[in-house]
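The lines below spell out each chain.
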Amino acid sequence: MKTVKKLYYGAAYYDEYLPYDRLTTDMELMKKAGISLIRIAESTWSTWEPKDGVFDFTHLHRVLRASKDAGIDVIVGTPTYAVPPWLARKYPDLLAVTHDGPQLYGHRQNMDLTHPGYLLHAQRIIRRLMEEVQPYPHIIGFQIDNETKPYDTCGPRVQQMFTEYLKKQYPDIDAFNQQYGLNYWSNRVQDWADMPDIRGTINGSLAAEFEQFQRNLVTKFFRWQAEIIREYLRPSQFITHNFDFSWRGYSYGYQPDVNQYDAAQYLDIAGSDIYHPGEDHLTGAEIAFGGDLTRSLKRDNYLILETQAQGNHGWLAYPGQLRLQAFSHLASGADCVEYWHWHSIHNAIESYWKGILSHNLKENATYRECMTIGADFKRLSDDLIHLKKRNRIAMIMSNRSNTAFRYFPAGTIDDQNTIVRWLYDAFYRMNLEMDLISDTQTDQTVLADYDLILLPSVYSMTKSLTVQLDQYVKNGGHLLAAMRSAFADEHLKIYADDQPYGLTGCFGMTYDQFTLPGGTSLQSDAVPFAKKPVLSDWMELLIPADENTETLVRYDHPYWKEYAAVTHHAYGNGSAAYLGCFFDADSLEAVLRTLMERFGIAVPKEHFPLIRKEGVNQNGAAVTYFFNYSGAPVNYTVPYDGTELTKHVTFHAQDTVRLEAWDFHILRS
């Protein structure tokens, strides 16, 4: 596996965007701040090829020469995510036709990435770029495209490709109709020539299969670009990509439009872009979730290719928060932290998404805090690079389940990421770290690495995975599922069997009815709720199989009180628990603490806003990070004799140490 050789601290840099020539000044300021890496070029196709076949790489060479002289390494991005206007004019059908109709030129990522003309010209610019950069030894790697997705391309050619894709899967068209239930509302297709426009379908299973097909287009696009780049790659250089996440004004959950685990096969090092709330709303949860996901893509260290310096409106870091954020990425296993971007832009849509430097392009408070981070990254690189995590908990991620929630919501919850983050954030606050693994790449070998597997409403589940999970619990593992897990197959066709499908024996319960909670609450003799639990959106009326299934929590309701809300069941050498409803975060933590006792998993005494993250560094030493995500001091207990790396202080086991507001400590054994 390729890795970087040192901790990198950097920023995206766009000489093309600057209002005047200040390249020399910028390089000097970067060196002073400890910037050791810049990412360039991913947004510059129309600058490099202003006319069809006419190339001008002036800006590219200027930056590469200047960065080489300054001793700053470079990642070069291929510029294929934003097409030039002449290319859109040359091929009127190059812009994607989506569910909302034909795209218009102007915004980025508006093309059909299967279009032959697009691929022809994209290959030409990639090859010209790779030829141009060969003389520069300080280029350490290449970024494929930028936050790539299928952009909902579903024009006539793509739909014909989808039909061919289905024909290969279903040589017997009757089997196709049966699998997708197309007898409903007379949707049956008797001849492939009759396949209707997918944009009109009312069949969630067929729509979900088209979305899977679109995700496959992205994976093929990654493979295509990687194969071109590898023809030019030096042995020391790597290929990466900046995966992004679902978006709720910031990076929120698993990206529904890409199978990132499949796409990451064609990368040497995974990368991602993580943005998050700031100031009083900074919790570190998005940094942790995004980091855990990116690390899990290849089960290795990764690169943060974009995160915020000043960022969006309301994200300006309080003093100390920028340092807290940067080292939080390292604590999840990042080997690089890069900002988008170096300078604030003076025009266009991202003018108020501010970089390290403000619009006057001078040193500021953010820059001065960057200087301290850059110096510490350089000084502590040997201790902090390549942090290895050995988590005993894993959450299963599922693209198809995410799709299912859009077509079949749980009350008002139309995004599975709501459940993902409901569970993940509770574990985060309790300082129980985890990996995020794929439902398509999970077998007994993978499952056996963990003491506890989480199913965050994994609605779509293959029969094979249910068998694997059942055996995992029999072998001594523990399983915790949220409502609606194992409800439908991989095509979102609901199983005509007892729910949860294939796992009723494992969970020791079943259900056949569900409803809105209304005024329902929860009651329990086993769980010490601090306040009355508040339910919303979804509740299943769980029926324990027998007295061997523990009803941990019941519904508090005059008519539903006979049903279980949360169950726990010893099964084989392990056990399984099921959450049958959606309820408030504090009550969830209370339930989880009780379940962790049943599972034999120790819950750390530290709790949010004190966050503890652990790993082993490349030298075999234990490294423990303590972060204070609050504006008030907190105390923690030192776990072992060791050195605090940022302040050069020796601590002893069981010492009580004060951590100031928005501060952090790094202990090395």
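This text goes with the structure placed above it.
What comes next is a walk through the structure. (Residues numbered from 1 in each chain as written. Predicted model: local features only at pLDDT ≥ 70, side-chain atom pairs only at ≥ 80, totals over all residues. Heavy atoms only, no water.)

**Some thoughts on the overall build of the protein**
For the record, the criterion: Here a strand is any run of E in DSSP of at least two residues, a helix any run of H or I of at least four, and the numbering for each starts at the N terminus. Values of the radius of gyration come from C-alpha atoms, whereas the globule rule sets the reference at 2.2 Å times the count of residues to the power 0.38. Burial here depends on accessible area, computed with a 1.4 Å probe over protein chains only, as a share of the maximum for the residue type. Under 20% is buried, over 50% is exposed, and the range in between is partly exposed. Calculation of accessible area relied on Shrake-Rupley with a 1.4 Å probe; when residues are assessed, cover is drawn exclusively from the protein chains displayed. In this tally, Asp and Glu contribute negative charge and Lys and Arg positive charge; neither His nor the terminal groups of the chain are included. Charge positions come from single atoms, namely NZ of Lys, CZ of Arg, CG of Asp or CD of Glu.
From N to C terminus, the protein includes 18 helices and 31 strands. In summary, the protein has a C-alpha radius of gyration of 26 Å against a globular reference of 26 Å for 669 residues, a match within 12%. Referenced to the eigenvectors of the C-alpha coordinate spread, the extents of the protein come out at roughly 75 × 75 × 40 Å. For the protein, with 669 residues in total, the buried portion stands at 62%. As displayed, the protein offers around 25,200 Å² of accessible surface, 51% of which is attributable to carbon and sulfur atoms. Treating the 62 positive side-chain charges of the protein as one cloud and the 82 negative ones as another, the clouds have centres 5 Å apart.

**Let's talk about the environment of Cys 370**
The test is simple: The contact criterion used is simple: two residues touch if any of their non-hydrogen atoms lie within 4.5 Å.
Inspection of the secondary structure assignment puts Cys 370 in helix α12 (residues 365-384). Given the relative accessible area of 0%, Cys 370 is considered buried. Taking the C-alpha atoms as reference points, Cys 370 and Tyr 9, 361 residues apart in sequence, are found 9.1 Å from one another. Cys 370 has contacts with Tyr 9, Ala 33, Leu 322, Tyr 339 and Ile 356, leaving out every residue within four places of it along the chain.

**Concerning the nonpolar core**
Convention followed: To form a nonpolar core, buried Ala, Val, Leu, Ile, Met, Phe, Trp, Tyr and Cys residues must be joined to one another through side-chain atoms within 4.5 Å.
With 215 residues, the main nonpolar core has Phe 176, Phe 327 and Ile 453 as its most contacted residues. Among the elements that line this core, the one with the most residues is helix α8 (residues 204-230), at 11 residues. Contact partners of Phe 327, with chain neighbours within four places excluded, come to Ile 373, Asp 376, Phe 377, Leu 380, Leu 384, Tyr 625, Phe 627, Phe 664 and Ile 666. One finds Val 634, Tyr 636, Val 638 and Val 657 within the second-largest nonpolar core, a separate group that totals 10 residues.

**Observations concerning the pairing of strand β11 (residues 334-339)**
Condition: Whether two strands pair comes down to DSSP finding at least two bridges between them. Seen with its strands pointing away from the viewer, a crossover is right-handed if its path from the first strand over the helix to the second goes clockwise.
With 6 of its 6 residues buried, β11 lies for the most part within the structure. Pairing geometry for strand β1 (residues 8-12) and β11, over 4 bridges, is parallel. Counterpart to Tyr 9 in the pairing with β11 is Val 337. The sheet contact formed by strand β10 (residues 302-306) and β11 spans 2 bridges and is parallel. Within β11, the position partnered with Ile 304 by the bridge is Val 337. With respect to chirality, the unit in which β10 leads through helix α11 (residues 321-331) into the neighbouring parallel β11 is right-handed.

**Focus on the pattern of salt bridges**
For clarity, the threshold we go by: Each salt bridge in this description consists of a side-chain nitrogen of Lys or Arg and a carboxyl oxygen of Asp or Glu lying within 4 Å of one another.
Under the definition given, this model contains 41 salt bridges. Asp 300 is paired through a salt bridge with Lys 388; the nearest N and O atoms lie 2.8 Å apart. Here the residue Asp 300 occupies a position in the loop between α10 (285-298) and β10, and Lys 388 occupies one in the loop between α12 and β12 (393-397), the gap between them amounting to 88 residues. By sharing partners, the salt bridges in this structure join Glu 49, Asp 52, Lys 90 and Arg 124 into a single network.

**Thoughts on the sheet that holds β12**
Note the following rule: In this description, a line fitted to the C-alpha atoms serves as the axis of each element, helices being fitted only across the stretch in contact, and the angle between N-to-C directions of two axes falls anywhere from 0 to 180 degrees.
Across the sheet, which stays open at both edges, the 8 strands sit in the order β13-β12-β14-β15-β23-β22-β21-β18 with mixed pairing between neighbours. Across the chains shown, the open sheet's two edge strands, defined by having one partner strand only, are β13 (435-438) and β18 (521-523). Between one strand axis and the next, the sheet turns through 20° on average, direction left out of account. Two elements, β12 and strand β14 (residues 452-455), share 3 bridges in a ladder whose sense is parallel. Opposite Ala 394, over in β14, you have Ile 453 as the bridge partner. Packing against the sheet, helix α18 (residues 585-599) makes contact with β14, β15 (478-482), β21 (549-556), β22 (564-571) and β23 (574-579), and its axis sits at approximately 165° to β23.

**Let's talk about the packing of aromatic side chains**
Spelled out, the test is: Any Phe, Tyr or Trp ring, taking Trp's six-membered ring, that has another such ring centre within 6.5 Å forms a pair; planes under 30 degrees apart are called stacked, those over 60 apart edge-to-face, and the others tilted. Either the NZ atom of lysine or the CZ atom of arginine qualifies as a charge over a ring when it sits within 6 Å of the ring centre and within 35 degrees of the ring normal.
With the rule as written, the count across this model stands at 47 aromatic pairs. The interplanar angle of 55° and the centroid separation of 5.8 Å between the aromatic rings of Tyr 170 and Phe 176 together place this pair among those described as tilted. This pair shows no difference in class: Tyr 170 is buried, exactly as Phe 176 is. Judged by centre distance (6.4 Å) and plane angle (50°), the ring pair of Trp 560 and Tyr 563 falls under tilted. Members of the aromatic cluster, each reached through a chain of ring pairs, are Tyr 9, Phe 327, Tyr 339, Phe 377, Tyr 625, Phe 627, Tyr 629 and Phe 664. Here the basic side chain of Arg 484 rests over the ring of Trp 538, its NZ or CZ set 4.6 Å away from the ring centre.

**Quick notes on the packing of helix α1 (residues 23-33) against helix α3 (residues 58-70)**
Each pair of packed helices can be summarised by the angle the axes make with each other and by the distance between the axes. The condition that has to hold: A clockwise turn of the near helix away from the far one marks a right-handed crossing, whereas an anticlockwise turn of less than a right angle marks a left-handed crossing. Residues are grouped as follows: Ala, Val, Leu, Ile, Met, Phe, Trp, Tyr, Cys and Pro are nonpolar; Asp, Glu, Lys and Arg are charged; all remaining types, including Gly, are polar.
At a closest axis distance of 10 Å, the pairing of α1 and α3 adopts a crossing angle of 35°. For the pair α1 and α3, the sense of crossing is right-handed. Contacts between α1 and α3 involve Leu 23, Met 27 and Lys 31 from the first element and Arg 62, Val 63, Ala 66, Ser 67 and Ala 70 from the second. Residues that form the contact of α1 with α3 fall into these classes: 5 nonpolar, 1 polar and 2 charged.

**Examining the sheet that holds β10**
An order of β7-β6-β3-β2-β1-β11-β10-β9-β8 is seen for the 9 strands of this open sheet, with the pairing classed as parallel. Whereas interior strands pair on both sides, the edge strands pair on one side only; in this sheet they are β7 (238-240) and β8 (242-243). Both strand β6 (residues 139-143) and β7 contribute to a ladder of 3 bridges, which runs parallel. By the bridge assignment, Gln 143 is partnered in β7 with Thr 240. Its contacts with the sheet put α11 on β10 and β11, and the angle it makes with β11 is roughly 145°.

**Digging into α10**
As a reminder, the rule being used: In this analysis, the expected span of each helix is defined as 1.5 Å times one less than the number of residues it contains.
A rise of 1.5 Å per residue sets the reference length of α10, with its 14 residues, at 20 Å; its end C-alpha atoms lie 21 Å apart and thus fit the reference within 8%. The element α10 is extensively covered by neighbouring structure, given that 13 of its 14 residues are classed as buried. The first or second residue beyond α10 is Arg 299, which carries a positive phi of 50°.

**Here's the deal with the environment of Gln 134**
Cut-off, in case you're wondering: Think of a polar contact as two N or O atoms within 3.5 Å of one another; within protein, one of them needs to be a possible hydrogen donor and the other a possible acceptor, and neighboring residues in sequence only count if both atoms come from side chains.
Within the secondary structure layout, Gln 134 lies in the loop between α5 (116-133) and β6. For Gln 134, a relative accessible area of 31% gives the class partly exposed. Considering only alpha carbons, one finds Gln 134 and Tyr 232, 98 residues apart in sequence, at a separation of 8.0 Å. In contact with Gln 134, other than residues within four places in its own chain, are Tyr 232 and Arg 234. There is a polar contact of 2.8 Å between the side chain of Gln 134 and the backbone oxygen of Met 130.

**Comments concerning the layout of surface pockets**
A water-sized probe, rolled over the atoms, reveals where empty space remains. As a reminder, the rule being used: Only protein atoms enter the 1 Å grid used here, on which a cavity is any set of points holding a 1.4 Å probe that cannot leave and a pocket is any open set flanked by protein within 12 Å on both sides along at least five of seven lines; residues with an atom within 4 Å of a point are listed as lining. Grid points are joined across faces, edges and corners, and a volume is the space filled by probe spheres set on the points.
Its volume calculated, the largest pocket comes out at about 1,200 Å³. If you go around the largest pocket, you meet 44 residues; those closest to its centre are Tyr 81, Arg 108, Gln 109, Ile 349 and Glu 350. When residues of the lining of the largest pocket are assigned to their parent elements, the largest contribution, 3 residues, is made by helix α2 (residues 45-48). Of the residues in the lining of the largest pocket, the class split is 19 nonpolar, 13 polar and 12 charged. One number sums up the size of the second largest pocket: a volume of about 370 Å³. Lining the second largest pocket are 17 residues; nearest its centre among them are Arg 390, Asn 391, Arg 392, Glu 433 and Glu 614.

**Focus: unusual backbone geometry**
In this model, Trp 340 is joined to His 341 through a cis peptide bond whose omega is 5°. Relative to the helices and strands, His 341 resides in the loop between β11 and α12. Backbone geometry places Gln 109, a non-glycine residue, at a positive phi of 50°. In this structure, Gln 109 sits in the loop between β5 (101-102) and α5.

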